[in-house]
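Spelled out from the first residue to the last, the chains are:
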Amino acid sequence: MPTCNIKARLGGLFLYYQYAPTIPVLSHKKNHNQFYHIKVITKPINHHIMLLRSLQQILNTGLRISMLDEDSQLPDIATAEQQFIIPAIGQQLYNALNDTLDILSLPEPDEGDPENPTPDAALAALLPMVQKPLAAFAYWAELPAMHMRITSSGIRQTTSDGMPTAYRWQYEAAAAYLEERAYHTMEEMLRYLYTHAENYTDIDEALQTARQQAIFQSGHHFSQYYRLRQPYRTFMHLKPLVEEVIIQHISPSVGPVFLAQLMQTPTPDTTDQQLINALRYATANLTIHKAVQKMPFKLTPDGFTIITNLSGGAATAPADQNAAIRDMGFLQKITQTDGDQALRRAMRLLQTQSSENRWATFYQSALYKGPDNYKPDSGNSTRSIFRF
């Protein structure tokens, strides 16, 4: 009689049943006995099914964490998944990765027992790439709680004789490092996922389409048009402003449908690329123009950066103070000028090069005026009064 595996979940345990013919059990057929041996393998997990379940799995991501033993309390992995990972990859793919981790976590079968199921190779390759940002996000979000304890007598600082607490600037530097690492590895994971999308049947098509239509794919991509310090972290804080610029300036100029089509052009030729670059350059500069008004920032030799952390805007290191007013005024003016000029270049291309065979969606829209009737905008539409 053949053996088989059955998996069931009971509370905080996965139960793996292996059936083989040894123990008699009366069947429903008269005068006929069936013989089974039931072996139960329990695999403990946390209360929530998660993609990181042990200290060793966290250490395998490359994050340098010092803990005394395996019983040390882990950060809130489940909340980090809900806040950062699932919105990025979709619930269906997340579930598939969890099932893959279940299989990979099975103990080696005893001699004579059935072999463990074989995990999907593509999912097994993606899993560690998802675990890397998850670990960094979890510790980044948990950092304030690790630094202190909430007791019945109030908040107390966590310290010991052999390991004193870090200075404030060291704490802020650690927070910035974890945040940058989290977003960096997240973008690496997403780039890999969508480059190999054909291997993942559980991929979220809506998320895939949104990424394909995005004017910037990542912080590194944005930094090619306006240089950023810590581009992955900084870009995540700039993304809402990027959307504002697109809604207020780019889409009204070229049309939202045409913009989405243009960004998905599979093999842009030289003229296509000139237009794409002009729109991206305009978007990047006008985004920085908005950021100067709305966010604390700093200009460094490595580029523009947003000063943020878990405590609400304090510096990430002693030298990371908010930009001087003279920097704010200069940056406001130059990014507005450069953004306006880039958008005018894009519109000049569209009005002079559009036809039934090139950029037909724009050519057939009310936005197309033709080379003879087109009057370049002076740029006043994107300007705003800025006073100190």
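Because the structure is a prediction, the values reported are computed rather than measured. (Residues numbered from 1 in each chain as written. Predicted model: local features only at pLDDT ≥ 70, side-chain atom pairs only at ≥ 80, totals over all residues. Heavy atoms only, no water.)

## Quick notes on the overall build of the chain
Applied cut-off: By the criteria applied, helices consist of DSSP H or I runs no shorter than four residues and strands consist of E runs no shorter than two, each listed in order from the N terminus. Only protein chains enter the area calculation, which uses a 1.4 Å probe; residues under 20% of their type maximum are buried, those over 50% are exposed, and those in between are partly exposed. In what follows, residue pairs with any heavy atoms lying within 4.5 Å of each other are defined as contacts. With residues, only the protein chains shown are counted as cover, and all accessible areas are computed by Shrake-Rupley using a 1.4 Å probe.
The helix and strand inventory of the chain stands at 12 helices and 7 strands. Looking at the chain as a whole, 42% of its 388 residues qualify as buried. At a minimum sequence separation of 6, the contacts of the chain that also span at least 24 residues come to 65%. When the accessible area of the chain is evaluated, it comes to approximately 21,400 Å², of which 53% is carbon and sulfur surface.

## A word on the environment of Y225
The cut-off we apply is this: Identification of polar contacts relies on pairs of N or O atoms within 3.5 Å, with a donor-acceptor requirement for protein atoms, meaning one able to donate a hydrogen and the other able to accept it, and with residues adjacent in sequence counted only if both atoms are side-chain atoms.
Assignment of secondary structure puts Y225 in the loop between α7 (219-223) and α8 (231-254). Once the C-alpha coordinates of Y225 and Y281 are considered, the two residues, 56 residues apart in sequence, prove to be 5.4 Å apart. Excluding its chain neighbours within four sequence positions, the residues that come into contact with Y225 are F216, N277, R280, Y281, A284 and N285. Only 2.8 Å separates the side chain of Y225 from the side chain of N277, close enough to count as a polar contact.

## Here's the deal with the environment of S223
By secondary structure assignment, the location of S223 is in helix α7. A sequence separation of 61 residues divides S223 from A284, and the C-alpha atoms of the two residues are 8.6 Å apart. Beyond its immediate chain neighbours, meaning those up to four positions away, S223 contacts L228 and P231.

## A word on the confidence of the model for the chain
How we decide: Think of pLDDT as the predictor's per-residue confidence, scored from 0 to 100.
Model confidence for the chain is summarised by a mean pLDDT of 79, while 73% of its residues fall at 70 or above. Predicted confidence for residues 1-48 stays below pLDDT 50, and this span has 98 contacts to residues more than four positions away or in other chains. A low-confidence stretch, residues 381-388 stays under pLDDT 50, and its non-local contacts, those more than four residues away or across chains, total 18 contacts.

## Let's talk about α8
Rules: Take the residue count of a helix, subtract one, and multiply by 1.5 Å to get its expected span. What we call the bend at a residue is the angle made by axes fitted to the seven residues finishing there and the seven residues starting there.
Along its 24 residues, α8 runs just 27 Å from first to last C-alpha, ending more than 12% under the 34 Å computed at 1.5 Å per residue. Most pronounced at L238, the bend in α8 amounts to some 45°, and the proline P240 follows within four residues. G255 lies just past α8 and shows a positive phi near 95°.

## Quick notes on the pairing of strand β7 (residues 303-306)
Formally: Note: two strands are recorded as paired if DSSP finds a minimum of 2 bridges between them.
The pairing of strand β6 (residues 297-300) with β7 spans 4 bridges and is classified as antiparallel. In the strand pairing of β7, F297 is matched with I306. Where β6 hands over to β7, the hairpin turn is made up of 2 residues, counted between the paired strands.

## Some thoughts on helix α2 (residues 77-89)
Along its length, α2 shows its largest kink, about 35°, at Q83, and proline P87 lies within four residues downstream of that point. When α2 is considered as a whole, its buried residues turn out to be I77, A78, A80, E81, F84, I85, I86, A88 and I89. Taken together, the buried residues of α2 touch α1 (55-59), α3 (91-104), α4 (121-146), α5 (168-195) and α6 (205-213). Taken from the residues just after α2, G90 is the one with a positive phi, measuring 90°.

## Section: the packing of α8 against helix α9 (residues 256-263)
The line we're drawing: An axis is simply a line fitted to the C-alpha atoms; with a helix, the fit covers only the stretch in contact. Between two such axes, the angle follows the N-to-C directions and lies from 0 to 180 degrees. In this scheme, roughly parallel covers angles under 35 degrees and roughly antiparallel covers those over 145, while 65 to 115 is roughly perpendicular and the rest are oblique. Gly falls in the polar group here, along with every residue not listed as nonpolar (Ala, Val, Leu, Ile, Met, Phe, Trp, Tyr, Cys, Pro) or charged (Asp, Glu, Lys, Arg).
Closest axis-to-axis distance for the α8/α9 pair is 7 Å, and the angle between their directions is 90°. When the interaxial angle is binned, α8 and α9 end up roughly perpendicular. Between α8, through I246, I250, S251 and V254, and α9, the contact on the second element is made entirely by P256, F258 and L259. Residues of the contact of α8 with α9, tallied by class, amount to 6 nonpolar, 1 polar and no charged.

## Comments concerning the side chain of E81
Rules: By the counting rule applied here, Lys and Arg register as positive and Asp and Glu as negative, while His and the ends of each chain are not counted. Only one rule defines a salt bridge in this text: a Lys or Arg side-chain nitrogen within 4 Å of an Asp or Glu carboxyl oxygen.
With respect to the helices and strands, E81 occurs in helix α2. Buried and without a salt bridge, E81 has R53 as its closest oppositely charged side chain, separated by 7.3 Å. If we ignore the near neighbours within four places in the chain, the residues touching E81 are I49, M50, L51, L52, I86, P87, Y94 and L134.

## Digging into the packing of α9 against helix α10 (residues 270-294)
To be explicit about the condition: Here is the rule for handedness: rotate from the far helix to the near one, and if that takes an anticlockwise turn smaller than a right angle the crossing is left-handed, while a clockwise turn gives right-handed.
The interhelical angle for the contact between α9 and α10, taken along N-to-C directions, is 115°, at an axis separation of 11 Å. As for the relative orientation of α9 and α10, their crossing is left-handed in sense. Counted together, F258, L259, L262 and M263 of α9 and L275, I276, L279 and R280 of α10 form the full contact between these two elements. Here the contact of α9 with α10 is composed, by residue class, of 7 nonpolar, no polar and 1 charged.

## Considerations on the pattern of salt bridges
Summed over the entire model, instances satisfying the criterion amount to 6 salt bridges. Residue K294 is joined to E244 by a salt bridge in which the shortest nitrogen-to-oxygen separation is 2.9 Å. Here the residue K294 occupies a position in helix α10, and E244 occupies one in helix α8, the gap between them amounting to 50 residues. On the accessibility criterion, E244 (24% relative accessible area) is partly exposed. A cluster of three or more residues bridged by salt bridges with shared partners is formed by E244, K290 and K294.

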